[in-house]
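# Structural features, examined
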Amino acid sequence: EMTIEKTVRIFAGAVVLVSLALGVAASPLFHSANWLWLTAFVGLNLFQSGFTGFCPLEMILTRLGMKHAAA
């Protein structure tokens, strides 16, 4: 069963991988190094949520009716 925690990890990982593929010059999918800002944003968001518990995606998924793992 997909939980909020699992979905957040999958989404964050996918965004990091896509943004790296688009932002690293050695990638065949390279578009612009500016995509690396998205990678940094996801990393910073994960870092702060570890301390504060605040995660915008978690709030969205909760409103959409997805359940936490402990529920």
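The structure reproduced in this document is the subject of the present report. (Residues numbered from 1 in each chain as written. Predicted model: local features only at pLDDT ≥ 70, side-chain atom pairs only at ≥ 80, totals over all residues. Heavy atoms only, no water.)

### Brief notes about the packing of helix α1 (residues 4-23) against helix α3 (residues 56-63)
It is at 10 Å that the axes of α1 and α3 come closest, and there the two elements cross at 130°. With respect to their mutual orientation, α1 and α3 come out oblique. Crossing of α1 over α3 shows right-handed handedness. Counted together, I4, T7, V8 and F11 of α1 and L57, E58, L61 and T62 of α3 form the full contact between these two elements. (Axes fitted to C-alpha atoms, helices over the stretch in contact; angles between N-to-C directions. Helix = DSSP H or I, 4+ residues; strand = E, 2+ residues; numbered from the N terminus. Parallel < 35°, antiparallel > 145°, perpendicular 65-115°, else oblique. Left-handed = near helix turned anticlockwise from the far one by under 90°. Contact = heavy atoms within 4.5 Å.)

### A closer look at the environment of G23
Mapped onto the fold, G23 is located in helix α1. In contact with G23, not counting residues within four places along its chain, are F30, S32, A33, W35 and L36.

### Focus on helix α2 (residues 36-52)
The first and last C-alpha atoms of α2 sit 24 Å apart over 17 residues, in line with the 24 Å expected at 1.5 Å per residue. Among all positions of α2, only T39, V42 and S49 are buried. For α2, the buried positions fall inside an angular range of 100° around the axis, keeping them on one side. The outward face of α2, more than 90 degrees from its buried face, is lined by the exposed residues W37, F41, L44, F47, F51 and T52. (Expected span 1.5 Å × (residues − 1). Buried < 20%, exposed > 50% of the residue type's maximum accessible area, 1.4 Å probe, protein only. Arc of directions from axis to C-beta.)

### Quick look at the packing of aromatic side chains
Taken as a whole and judged by the stated rule, the model has one aromatic pair. Taking the centre distance of 5.1 Å and the plane angle of 70° together, the rings of F47 and F51 count as edge-to-face. Highlighted residues: F47 and F51, both in helix α2, separated by four residues, approximately one helical turn. For the residue pair F47 and F51, the accessibility class agrees, reading exposed in each case. (Phe/Tyr/Trp six-rings, centres within 6.5 Å; stacked < 30°, edge-to-face > 60°.)

### Looking at α1
Over its 20 residues, α1 extends 28 Å from the first C-alpha to the last, a length consistent with the 28 Å expected when each residue adds 1.5 Å. Among the residues of α1, I4, T7, V8, A12, V15, S19 and G23 are the ones counted as buried. Projection of α1 onto a plane perpendicular to its axis shows the buried side chains occupying an angular sector of 125°, all on one side. Along α1, the residues that are exposed and aim more than 90 degrees away from the buried face are R9 and L17. Those residues of α1 that are buried lie in contact with α2 and α3.

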